[in-house]
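In case you want the letters, here they are:
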Amino acid sequence: MAEAISVSAPISGTDRHLSLEAGKLAQLADGAVVGRIGDTVVLATATAARSVREGIDFFPLTVDIEERAYAAGKIPGSFFRREGRATDQAILTCRLIDRPLRPSFPKGFRNEVHVVGTILGADQVNPHDVLAINAASAALMISGIPFDGPIGAVRIAHSIDGVWVPHPSFEEGDASTFELVVAGRALTAEDDAEIAIMMVEAGGTERSFEFYAEGAPKVTEEVLAQGLEVAKRWIRESINLQRELVRAFVAARGEIKTIEFSALSDYGEDVWARVEAIGTAPLAEANQLSAKADRNQAVDDATAGVLEALAEEFAGRAGEVKAAVRALTKKLVRKRIIEEGIRIDGRTTSDIRPLSVEIDLLPTAHGSALFQRGETQVLNVTTLGMPRMNQLLDTISPDDSKRYMHHYNFPPYSTGEAGQMRGPRRRDIGHGMLAERALLPVVPSEEDFPYTLRLVSDVLASNGSTSMASVCGSSLSLMAAGVPIAAPVAGIAMGLVHEGDDYVTLTDILGAEDAFGDMDFKVAGTADAVTALQLDTKIDGLPADVLAKALHQAKVARLQILAVMEAAIAEPRSEVATSAPKIVSMQIPIDKIGEVIGPKGKVINTLQQETGADISVDDDGMVGTVTIGARDSGAVEEARRRISLILDPPSAEIGEVYQGKVVNLTKFGAFVNVLPGRDGLLHISKLSSLAGGRRVGAVEDVLTLGQPIEVRVDDIDQQGKVSLSLAGMEGENGVPVERPRGSELKDGGSSNGGSSFASFEDAFEAELVEEFGDLGPGSAGEGRPGERRRSRPRRR
């Protein structure tokens with residue numbers, strides 16, 4: 001077995017090390033590196049095809065993450081007990097790796113590249129996603145695949161003390177107010193080289209606003225800009241470690257041979273020159289139309305004209321002509337923005353498209369909202385459910401459930417195209433998770449609002465920034481549903497066009513501006529704090545003043561959107577919708593859980609059947625939590641009342657008469673529920689009046705389960721066990737039993753919970769005496785202390 005080549009370095013500001021190892025595992029891959037932080041271990045491999053697939057006109061990079069359950073010491077919970085489709089977290093990690101790697105390959109490189117990250121160890125302390133980015137970059141560096149790296153990445157968390165913590169553990173992340181994942185590359189080969197930020201993925205934590213209320217500093221645009229600068233320190237450390245690995249690898253294995261490839265161009269210079277000459281005027285005119293459909297039609301007409309004009313000159317090269325037309329369109333759009341400050345649809349660089357907001361569109365939904373910005377239109381619907389509807393997570397992370405979910409759908413018709421609906425794609429999952437991350441900090445805790453929440457964003461029309469429209473729609477539908485969010489959240493997508501020394505920041509970008517620009521920058525937040533951020537750049541570095549300007553411009557736009565949203569609904573409704581379940585939760589002692597559930601769930605099932613409420617019981621090992629839900633608030637209150645009586649059952653009184661219900665039948669009598677949580681024994685010897693004064697041979701002959709019956713309490717022993725008789729039956733001396741003067745019939749309710757009942761042994765002894773007479777001393781427990789009882793004769 002080959003000897004491993006390893007390098008390691010401490011992560012400054014922590015007690016952990018980042019280590020990279022190559023040459024031992026996956027030796028047939030072009031590049032393979034094992035990354036490790038703590039006991040979290042990732043194997044990253046990179047392989048490339050040696051030729052270009054025929055007819056391909058894009059760079060086919062694929063990134064996959066394989067989460068192995070054994071990494072966390074688990075067996076998959078699926079029916080087949082093996083890993084299946086990628087989890088949402090795995091897909092997000094794929095996107096985190098892809099976004100900084102893709103722009104780092106040479107222009108014109110079209111060979112297929114496959115990067116795979118296999119999670120071999122998950123210590124439940126250190127996340128694996130950022131480690132996977134660093135390991136993937138290192139694998140490409142030693143693979144011979146053309147790659148302009150290394151790419152370094154770090155996660156930093158903003159603590160409640162206002163300090164950025166590098167590579168936080170899961171626990172440190174949960175205890176922070178905000179987390180930033182930043183990736184970048186060095187602009188020069190020096191160890192202290194300037195770092196160009198290439199990718200940012202960030203969001204507030206679940207307890208952000210709770211920490212803010214306790215005095216933690218809020219994460220504003222200024223704090224974010226500072227965090228991006230701070231992150232460069234640890235990005236640089238990762239890049240230097242990868243370079244050290246390359247040097248060690250070369251020293252041990254020899255020079256790394258770069259894969260030979262031919263850079264492909266979408267069009268020839270001769271085609272470009274003719275397209276530019278013929279197509280500039282019609283394409284410039286077409287791109288001045290503000291409506292997307294009209295503009296697209298005009299561009300198609302202009303393209304058709306160019307194709308027709310050059311059909312003979314470039315016979316068989318129509319694909320090159322089309323590619324050149326697209327390149328010319330991009331050039332014209334960017335030139336107009338830089339020189340005139342005017343965009344495709346006629347707006348200035350800071351204008352927002354017209355906004356429209358509407359709530360309560362759907363009569364049966366718990367909360368619904370329609371948000372429209374220009375031609376982008378998103379319908380968002382909130383559904384509230386019982387806690388048992390929480391999503392169960394079968395992953396290698398410490399989280400095992402999720403109560404707040406956001407699902408994003410992007411059908412083909414939203415762009416006016418025909419297509420197929422085949423479930424969510426990676427893009428859909430990524431956009432949904434971005435919107436989810438933006439709202440998570442303001443969602444109330446389960447203690448304050450014991451609901452499971454599912455939000456669905458259906459994109460009905462798309463022309464840029466549907467993910468941020470989903471954020472705005474989410475806030476509106478949550479407030480319409482009566483969810484007490486900490487503050488409304490709005491989002492805006494920003495763009496950037498860079499030529500020479502000019503940087504032009506664009507507010508509320510269109511789809512075409514996203515494709516033709518140099519940056520996609522999405523910011524979501526409340527009026528005074530940022531809750532989510534996503535940034536991807538195509539240029540080498542973003543000057544600090546340009547970033548600060550973009551953040552400020554985004555905040556101005558966000559405040560404008562929040563004002564429009566406030567006009568539709570200013571704050572969350574005080575109550576949930578009539579169609580939503582009414583849910584309350586109560587904490588109970590953990591030793592009382594069994595009494596609420598009952599044997600084989602009999603108590604809780606009866607409560608649900610009789611009240612119509614949905615009841616669930618959970619515990620955290622210290623205290624139990626009972627959650628009660630129903631559409632009818634009266635059913636919720638009745639269920640809560642009955643559970644309270646089970647927890648603290650009322651005491652029966654000797655001589656009182658109760659209207660009870662038969663809850664169990666035995667050979668020696670019937671157990672009757674007389675009060676919530678309080679049962680008593682009605683012995684078989686006291687049932688003769690129900691059989692016309694004859695001896696009852698079997699309890700089932702005169703009583704049935706669930707039968708209402710009027711009983712009197714004869715005795716309550718020291719253990720609280722209750723002995724009953726039929727109300728009005730004759731006593732043992734033949735004297736009719738009368739109710740105590742002034743006593744009233746008491747309704748014992750219908751819960752069959754509790755554990756108080758008459759002694760089985762005493763009842764059985766009484767039955768023996770009745771059938772066989774007095775059996776002498778010791779027969780009824782009267783023997784001397786420590787004296788063994790006589791064997792009881794069998795019943796014949």
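What counts and how
Residues numbered from 1 in each chain as written. Predicted model: local features only at pLDDT ≥ 70, side-chain atom pairs only at ≥ 80, totals over all residues. Heavy atoms only, no water. Core = buried A, V, L, I, M, F, W, Y, C linked by side-chain atoms within 4.5 Å. Buried < 20%, exposed > 50% of the residue type's maximum accessible area, 1.4 Å probe, protein only. Helix = DSSP H or I, 4+ residues; strand = E, 2+ residues; numbered from the N terminus. Contact = heavy atoms within 4.5 Å. Patch = residues over 30% accessible without salt bridge, like charges linked within 9 Å, V, L, I, M, F, W, Y side chains within 5 Å. Areas by Shrake-Rupley, 256 points an atom, 1.4 Å probe, with all protein chains shown as cover. Salt bridge = Lys/Arg side-chain N within 4 Å of Asp/Glu carboxyl O. Lys, Arg positive; Asp, Glu negative; His and termini not counted. Charge placed at Lys NZ, Arg CZ, Asp CG, Glu CD. 1 Å grid on protein atoms, 1.4 Å probe; cavity = no way out; pocket = protein on both sides within 12 Å on 5 of 7 lines; lining within 4 Å. Points joined across faces, edges and corners; volume = space filled by probe spheres on them. Nonpolar A, V, L, I, M, F, W, Y, C, P; charged D, E, K, R; others polar. Pairing = 2+ DSSP bridges. Phe/Tyr/Trp six-rings, centres within 6.5 Å; stacked < 30°, edge-to-face > 60°. Expected span 1.5 Å × (residues − 1). Bend = angle between axes of the 7 residues up to and from the residue. Axes fitted to C-alpha atoms, helices over the stretch in contact; angles between N-to-C directions.

Moving on: the nonpolar core. Counting residues in hydrophobic clusters, the biggest one holds 149 residues, and the most contacted among them are Phe-105, Val-113, Leu-180 and Phe-521. Per-element accounting of this core gives the leading share, twelve residues, to helix H5 (residues 221-253). In contact with Phe-521, other than residues within four places in its own chain, are Ile-492, Ala-493, Met-494, Leu-533, Gln-534, Leu-535, Leu-547, Ala-550 and Leu-551. Grouped together as the second largest cluster of nonpolar side chains are 21 residues, Val-662, Ala-670, Ile-684 and Val-711 included.

Moving on, we get to a negative patch on the surface. On the surface, a cluster of negative charge is made up of Glu-446, Glu-447, Asp-448, Asp-618, Asp-619 and Asp-620. Tracing the chain through its elements places Asp-619 in strand E23 (residues 614-619). In this structure Asp-619 comes out as partly exposed when scored by relative accessible area, which is 39%.

To continue, consider empty space enclosed by the protein. Applying the stated criterion across every chain yields a total of five cavities of 30 Å³ or more. As for the largest cavity, its lining consists of Arg-16, Ile-37, Asn-126, Pro-127, Asp-129, Val-130, Leu-131, Arg-155, His-167 and Pro-168. The residue inventory of the lining of the largest cavity, partitioned by class, reads five nonpolar, two polar and three charged. Taken as a whole, the second largest cavity spans an internal volume of roughly 60 Å³. Along its surface, the second largest cavity is lined by Ile-197, Ala-225, Leu-228, Glu-229, Lys-232, Leu-535, Leu-542 and Leu-547.

Okay, the pairing of strand E10 (residues 195-204) next. Counting buried positions along E10 yields ten of ten residues, so the element is predominantly enclosed. Taken together, the nine bridges between strand E9 (residues 178-186) and E10 define a ladder with antiparallel strand orientation. Looking across to E10, one finds that Gly-184 is bridged to Ile-197. Looking at chain direction, E10 and strand E21 (residues 530-537) are connected through five bridges and run antiparallel.

Moving on, we get to the packing of aromatic side chains. Overall, the coordinates contain eleven aromatic pairs when judged by the stated rule. Between the aromatic rings of Phe-109 and Phe-261, the centroid separation amounts to 4.9 Å while the plane-to-plane angle is 85 degrees, which identifies the pairing as edge-to-face. One end of the pair, Phe-109, is in the loop between helix H1 (88-101) and strand E6 (113-121); the other, Phe-261, is in the loop between H5 and helix H6 (269-286), with 152 residues separating them in the sequence. Among the aromatic residues, those joined into a ring-pair cluster are Phe-59, Phe-105, Phe-109, Phe-147 and Phe-261.

Looking now at helix H2 (residues 129-141). With 13 residues, H2 should reach 18 Å at 1.5 Å per residue; the first-to-last C-alpha distance of 19 Å fits that figure. Summarising burial for H2: twelve of the 13 residues are buried, a large majority.

The first and last C-alpha atoms of H6 sit 24 Å apart over 18 residues, in line with the 26 Å expected at 1.5 Å per residue. The largest bend in H6 is about 55 degrees, located at Gly-279, with the proline Pro-282 one to four residues further on. Every buried residue of H6 is listed here: Val-271, Trp-272, Val-275, Gly-279, Leu-283 and Ala-286. On its buried face, H6 sits against helix H7 (292-309) and helix H8 (318-340).

Attention shifts here to the sheet that holds E23. Overall, antiparallel pairing links the three strands, which are arranged E22-E24-E23 in an open sheet. Lying at the two open borders of the sheet, with one neighbouring strand each, are strand E22 (582-589) and E23. Taking each pair of neighbouring strands and ignoring which way they run, the sheet shows an average axis angle of 20 degrees. In this sheet, strand E24 (residues 623-630) lies alongside E23 in antiparallel orientation, the contact comprising six bridges. The residue of E24 that forms the bridge with Val-617 is Val-626. Sitting on the sheet, helix H15 (residues 633-647) is in contact with E22, E23 and E24, with an inclination near 5 degrees to E22.

The strands that make up a sheet pair up through hydrogen bonds in the backbone, lying either parallel or antiparallel. The five strands are arranged E11-E12-E13-E17-E16 in an open sheet whose pairing can be described as mixed. Each end of this open sheet is capped by a strand with a single partner; those strands are strand E11 (355-359) and strand E16 (404-409). For this sheet the average axis-to-axis angle between neighbouring strands, irrespective of direction, equals 15 degrees. By the bridge criterion, seven bridges tie strand E12 (residues 367-373) to strand E13 (residues 376-385) in an arrangement that is antiparallel. By the bridge assignment for E13, Ala-369 is matched with Asn-380. Packed onto the sheet, helix H12 (residues 544-568) meets E11 and E12 and runs at close to 30 degrees relative to E11.

With that settled, consider the environment of Gly-677. Within the secondary structure, Gly-677 sits in the loop between strand E26 (669-675) and strand E27 (678-683). Note on Gly-677: relative accessible area 2%, which makes it buried. Along the sequence, Gly-677 and Pro-649 sit 28 residues apart, while their C-alpha atoms lie 5.2 Å from each other.

The next point concerns the environment of Pro-166. Locating Pro-166 in the fold gives a position in strand E8 (residues 164-166). With residues up to four places along the chain from it excluded, the contact list for Pro-166 reads Ser-12, Thr-14, Arg-16, Arg-155, Ile-156 and Trp-234.

The next thing to look at is unusual backbone geometry. In the segment running from Gly-149 into Pro-150, the intervening peptide bond is cis, with an omega of 0 degrees. As for its placement among the helices and strands, Pro-150 is situated in the loop between H2 and strand E7 (151-158). If you check the backbone angles, Arg-81 has positive phi at about 55 degrees while not being a glycine. For Asp-508, which is not glycine, the phi dihedral falls at a positive 55 degrees. Here Asp-508 lies in the loop between strand E19 (502-507) and helix H11 (511-516).

Bear in mind that shape data such as this cannot, by itself, settle questions of function.
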